[in-house]
Structure formats: structure tokens, C-alpha cells
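# Geometric and topological summary
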Amino acid sequence: MKMLLANAEAWPGFDTTVGLLKQGGASIAAMVSGIAKVEREAKVRSVGYGGWPNMLGEMEFDAGVMDGATRDVGAVGAVPATLPVSALAYEVMQHLPHVMLTGAGARRFASERGFAVDEVLHPDSKRVWWERLQKEMSPEQLAAFPDIALAPLSNAITDPERVRDTTVFLGRDATDNIGVVTSTSGWAWKYPGRLGDSPIPGAGFYADSRYGAAACTHTGEMTMRCGTSRSIVLAMRLGYSLQDAIKLAVEELSELKSGFLAGVVIHAIDAKGNHQVVNYRCEEEIRYWYWDERMAAPELRVAAQA
Ligand code: ASP
């Protein structure tokens, strides 16, 4: 059964991917086309052009793709000046023997593959970044910026007003191949060079067409420690239902007692056509898009509480 699951902010590209899946398109290619529209939409304030910069006011994008038929993965991290970055991750998967590129090397590869050098800092993001950072800095730090130690500004890194999010697409095509694609600008005001979970296979995403797929949003610092997406797919391989596999992953997250602890949203599908989205400790209501071929149109639904 063809199906597509994505987070609420996937709206600019969800219908594009559904349309391609309906026409018989392959899951990864269809999802990369849809997520590119999300990355270019300035109103989506967590991904691509509408996302938030790092502490130096520079955009650094993370993305990953995984093909559940072959377990091939492509990922890019902390990539400057490039949109759509999920398409670049797909290029890594198709054209290199590597799984992941970061920073300047990823940008170099982008140019080799014909990606333009994009202006990626939205003027409003620049304004909000500078206002927020100024609040955190002493007059001495302000005068010397950016030649200051950034780590002491970590209150800014965990800005509660800028909710972390990622766009995740999990899909199944006409050949029952399951794939997953992720893209994000990461945490607002993150330390330069920081990678979240969105480009990390096993943490932010994982797919195996025989069992299912999972992808996480929000606090990557937790899912990287637990290998959350891989836990879910491995649990299904070991015979857990989708619900029980997610329950196990939530149990692992709740066993973390140190470090930065906040909310995580788990999105998962199984090879039998089930899906579930679970909100673990996020205060806001979490919604998601879902479509399968039995439905006339995609629906925006509310996630279950863990
Ligand atoms: N999980 C992503 C990260 O840690 C961001 C997010 O989904 O909020 O970078």
C-alpha cells in the first residue's frame, strides 16, 4: 500500500510527493521532490530558507535519505549556502562511496553536482538572531564579537522561544519500498559545526522495507544518545508491534537523566501499513500529515502522547 507520513510543517511539499507516489514514483525520489519545496518555503521556520542560523548568524543545514530496500544512506551536515540540502544528501547516496559529507566538503560536492551557491539567510532570521544574541552578550563580548568564546552563550543555544523542528518524510511506494528523508537547519543559535540527529542514520532516521521506518524531530541530543530510529526498526525486526517498538524507544529516552533533556517526536510506519506519531514531552500540540492510497486526500492529525 502506498503511504506517506510527514510532520505538520511538510505542507508545502506533501501533495507533490503524494502525487508522485500515486503516479508510481519511487519513494525516495518522490520524497526528495516534495521536501525541496518545504526547504524553499520561507514560512516554514525550521528548515531550509525559513530556518534559523547558528550562533555566528550562518545557516548550516543537515539532511539525510535512506532507501529501505538496500539500506543505502546519503547524509550531509552543517552545509552552507545550499538548497535543497535533502537533494544533496540523495546525490551523496547515488554518486559517492561515502555515506556522509559535512561543511566545506559537502559544499564542494554540491558545486560538482551543479547546485547553485544560494543566499540562505532570511532577513527576518538575521534580525531575530542578532536581537537574541545581543541579549546574551556583555558589552565586552558585544564589542569583540565574533572573536569571543561562544560556549558561555549556551543559554542562547537552548532558546525556548525557537522550537526545534525538522521536516521528515516517511513513504512507501508501489513496489512496497519504504524510504525516509529528513531536512533541517537544526537548533536555532547552535554552536557552529554542531550536527543534530537529522543527518545521523539510526538516530534521526532509519528505514528497512522489510519492517518499517522511523524518523525523529526535536531534541536530537537525546535521540543520538539512544539511537532511537534504529531501535524502533530493530525492535520490529525482533517481532515487536509498531506500538511496542515505539514504547521501547520512549522507555530508552526516559532513562536518560543527564545532559540536555527536552521533547522528542517519533514518527514511524511499519511494513504492514500501520503508522504512529508519538509526542514525548513536547509541551505544544504535535500534528502530522498522513496519506495512504485508501484516502481521497491527506489529513492533518494529532500525535499521541507518550
Ligand atoms: N532534531 C533536530 C536537531 O536536533 C532539530 C529538530 O527536529 O528540532 O537538530
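For the protein, an unreviewed UniProt entry supplies the name Asparaginase and the organism Duganella rivi.

Looking now at the side chain of serine 209. Mapped onto the fold, serine 209 is located in the loop between β7 (205–208) and β8 (212–218). Here serine 209 falls in the buried class, since its relative accessible area comes to 15%. A polar contact is formed between the side chain of serine 209 and the backbone nitrogen of isoleucine 178, at a distance of 2.9 Å. Those residues in contact with serine 209, other than ones at most four positions away along the chain, are Gly68, Ala69, Asp176, Asn177, Ile178 and Ala271.

As a further point, take the UniProt feature "active site" (unreviewed entry) in the protein. Residues given the UniProt feature "active site" (unreviewed entry) here are Thr166. Along the chain, threonine 166 falls in the loop between α7 (154–157) and β5 (167–172). Beyond its immediate chain neighbours, meaning those up to four positions away, threonine 166 contacts Asn7, Val47, Thr182, Ser183, Thr184, Ser198 and Thr217.

For the rest of this paragraph, the subject is the pairing of strand β12 (residues 299–302). Taken together, the 4 bridges between strand β11 (residues 287–292) and β12 define a ladder with antiparallel strand orientation. By the bridge assignment, tyrosine 290 is partnered in β12 with glutamate 299. Hairpin connection, β11 to β12: the antiparallel pair is bridged by 6 residues.

Moving on: the sheet that holds strand β4 (residues 100–102). What links the strands of a sheet is backbone hydrogen bonding, and the strands pair in either a parallel or an antiparallel sense. The 8 strands are arranged β4-β3-β2-β6-β5-β1-β11-β12 in an open sheet whose pairing can be described as mixed. The sheet terminates laterally at β4 and β12, the two strands that pair on one side only. Ignoring which end each strand starts from, the neighbouring axes of this sheet average 15 degrees apart. With 5 bridges joining them, strand β1 (residues 3–7) and β11 adopt antiparallel strand pairing. Looking at β11, one finds that asparagine 7 is bridged to tyrosine 288. Helix α3 (residues 85–95) contacts β2 (61–67), β3 (72–79), β4 and β6 (178–184) of the sheet and is inclined by roughly 135 degrees relative to β3. Those strands touched by helix α4 (residues 103–112) are β3 and β4, and its axis lies near 105 degrees from that of β4.

Mapped onto the secondary structure, methionine 1 falls in the segment before β1. Under the relative-accessibility criterion, methionine 1 is labelled partly exposed at 24%. Residues methionine 1 and tryptophan 289, 288 residues apart in the sequence, show an inter-C-alpha distance of 17 Å. Contacts of methionine 1, omitting those with residues within four sequence positions, involve Arg172, Asp176, Gly273, Tyr290, Asp292, Glu293 and Arg294.

Basis of the calculations
Residues numbered from 1 in each chain as written. Predicted model: local features only at pLDDT ≥ 70, side-chain atom pairs only at ≥ 80, totals over all residues. Heavy atoms only, no water. Helix = DSSP H or I, 4+ residues; strand = E, 2+ residues; numbered from the N terminus. Buried < 20%, exposed > 50% of the residue type's maximum accessible area, 1.4 Å probe, protein only. Polar contact = N/O pair within 3.5 Å; in protein donor to acceptor, adjacent residues only side chain to side chain. Contact = heavy atoms within 4.5 Å. UniProt positions renumbered as here; feature names shortened; annotations may be inferred. Pairing = 2+ DSSP bridges. Axes fitted to C-alpha atoms, helices over the stretch in contact; angles between N-to-C directions.

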